[in-house]
Amino acid sequence: MNEPIVARHWLTLAAPKAAPAVATTTVLILGRIWNANGAEHSVGNAALMVVLAAGAAAAGASLSRTGNAPLAATGYAVSGSLALSGIAGYADGISLPLLLWALATTLAYGMAARHWRTDRRADVAHHQHLSERREEHGHIERVEALRAGAQIEVARSGAAYAEQLATALITRATLPGYDPKALTGAGLPQLPATEGKSA
């Protein structure tokens, strides 16, 4: 029942918390690189990004109707990323892309925080269930140990009583003047082993 102790590296713990900011920053950087390579004020490139973003949003909407929440969230995230990169590529200044980047990062952290809370609740419930099972098994083991100890003590005292009785019978039989018939005549019952011995 003992679980292995796993010490995780601090980067492993920090990576999920940094993922939304890394994702939106990457999209912004790629959009600005695209802007520097000829996408600034390009209507064709902007139209392409609008079509791709609308397609991803439509895919997310259709997936949310089927009840597949993770894929629907992925579709919406892709749609938002395409819209952000399209605006970052089309805009001539940096202020609008930075504003949208801040908004997208805030939204990403808001959605991720909800999933982190759900995961944390599931984790706490799992650990609580495990501790309850451990306590239950520990209680059962303690009860069984007490029961086994009581049975061993009863058997030990029974063996000691049998040994004392055998010693008393042997000692009584070796006493001078011991007459089993006199005991029977006095109304005391004779033991079968003694009767067989006297016969």
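Going by the structure above, here's the rest.
Reference entry: report on the structure contained in this document.

Definitions and cut-offs
Residues numbered from 1 in each chain as written. Predicted model: local features only at pLDDT ≥ 70, side-chain atom pairs only at ≥ 80, totals over all residues. Heavy atoms only, no water. Helix = DSSP H or I, 4+ residues; strand = E, 2+ residues; numbered from the N terminus. Expected span 1.5 Å × (residues − 1). Buried < 20%, exposed > 50% of the residue type's maximum accessible area, 1.4 Å probe, protein only. Salt bridge = Lys/Arg side-chain N within 4 Å of Asp/Glu carboxyl O. Patch = residues over 30% accessible without salt bridge, like charges linked within 9 Å, V, L, I, M, F, W, Y side chains within 5 Å. Areas by Shrake-Rupley, 256 points an atom, 1.4 Å probe, with all protein chains shown as cover. Lys, Arg positive; Asp, Glu negative; His and termini not counted. Charge placed at Lys NZ, Arg CZ, Asp CG, Glu CD. Axes fitted to C-alpha atoms, helices over the stretch in contact; angles between N-to-C directions. Parallel < 35°, antiparallel > 145°, perpendicular 65-115°, else oblique. Left-handed = near helix turned anticlockwise from the far one by under 90°. Contact = heavy atoms within 4.5 Å. Nonpolar A, V, L, I, M, F, W, Y, C, P; charged D, E, K, R; others polar. 1 Å grid on protein atoms, 1.4 Å probe; cavity = no way out; pocket = protein on both sides within 12 Å on 5 of 7 lines; lining within 4 Å. Points joined across faces, edges and corners; volume = space filled by probe spheres on them.

### Let's talk about helix α4 (residues 95–174)
The first and last C-alpha atoms of α4 sit 115 Å apart over 80 residues, in line with the 118 Å expected at 1.5 Å per residue. Along α4, the residues that are buried comprise Pro97, Thr105, Ala112, Leu130 and Gly138.

### Re the pattern of salt bridges
Scanning the model with the defined rule gives two salt bridges in all. Note that Arg147 is salt-bridged to Glu144, the shortest N-O span being 2.8 Å. Note that Arg147 and Glu144 are positioned in helix α4 at a spacing of three residues, about one turn of the helix. You can call Glu144 partly exposed: its relative accessible area is 41%. Among the ionic pairs, Glu153 bridges to Arg156, the shortest N-O distance being 3.6 Å.

### Details of a positive patch on the surface
A cluster of basic side chains, namely Lys17, Arg114, Arg117, Arg120 and Arg121, defines a positive patch on the protein surface. Sorting elements by how many residues they give to the positive patch places α4 first, with four residues. With respect to the element layout, Arg114 can be found in helix α4.

### Focus on the packing of helix α3 (residues 69–90) against α4
Contact pair α3 / α4: the axes reach a minimum separation of 9 Å and the direction vectors enclose 165°. One element, α3, and the other, α4, form an angle in the roughly antiparallel class. The handedness of the crossing between α3 and α4 is left-handed. Between α3 and α4, the residues in contact are Leu84, Ile87 and Ala88 and Leu96, Pro97, Leu100, Trp101 and Ala104, respectively.

### Quick look at the packing of helix α2 (residues 43–65) against α3
Relative orientation and spacing of two packed helices are given, respectively, by the angle between their axes and the distance between those axes. Where α2 contacts α3, the two axes come as close as 7 Å, and the packing angle between them is 165°. As judged from the angle between their axes, α2 and α3 are roughly antiparallel. Of the two elements, α2 crosses α3, and the hand of that crossing is left-handed. Contacts between α2 and α3 involve Val43, Ala46, Met49, Leu52, Ala53, Ala56, Ala57, Gly60, Ala61, Leu63 and Ser64 from the former and Leu71, Ala72, Gly75, Tyr76, Val78, Ser79, Leu82, Ala83, Ser85, Gly86 and Tyr90 from the latter. Taken together, the residues of the contact of α2 with α3 sort by class into 16 nonpolar, six polar and no charged.

### Description of the layout of surface pockets
Quantified by volume, the largest pocket comes out at close to 740 Å³. Lining the largest pocket are 25 residues, with Ala77, Ala104, Leu107, Ala108 and Met111 positioned closest to its centre. In terms of residue class, the lining of the largest pocket is made up of 19 nonpolar, five polar and one charged.

### Here's the deal with α3
In an α-helix, one full turn covers 3.6 residues, which means residues spaced three or four apart are oriented alike. Taking 1.5 Å of rise per residue, the 22 residues of α3 would be expected to cover 32 Å, and the 31 Å separating its terminal C-alpha atoms lies within 8% of that figure. All of the buried residues along α3 are Ala72, Gly75, Ser79, Leu82, Leu84, Ser85, Gly86, Ala88 and Gly89.

### Focus: the side chain of Thr24
Tracing the sequence through the fold places Thr24 in helix α1 (residues 10–39). Once you skip the residues sitting within four places of it in the chain, Thr24 turns out to touch Leu84, Trp101, Ala104 and Thr105.

All we've got here are geometric facts, nothing functional implied.
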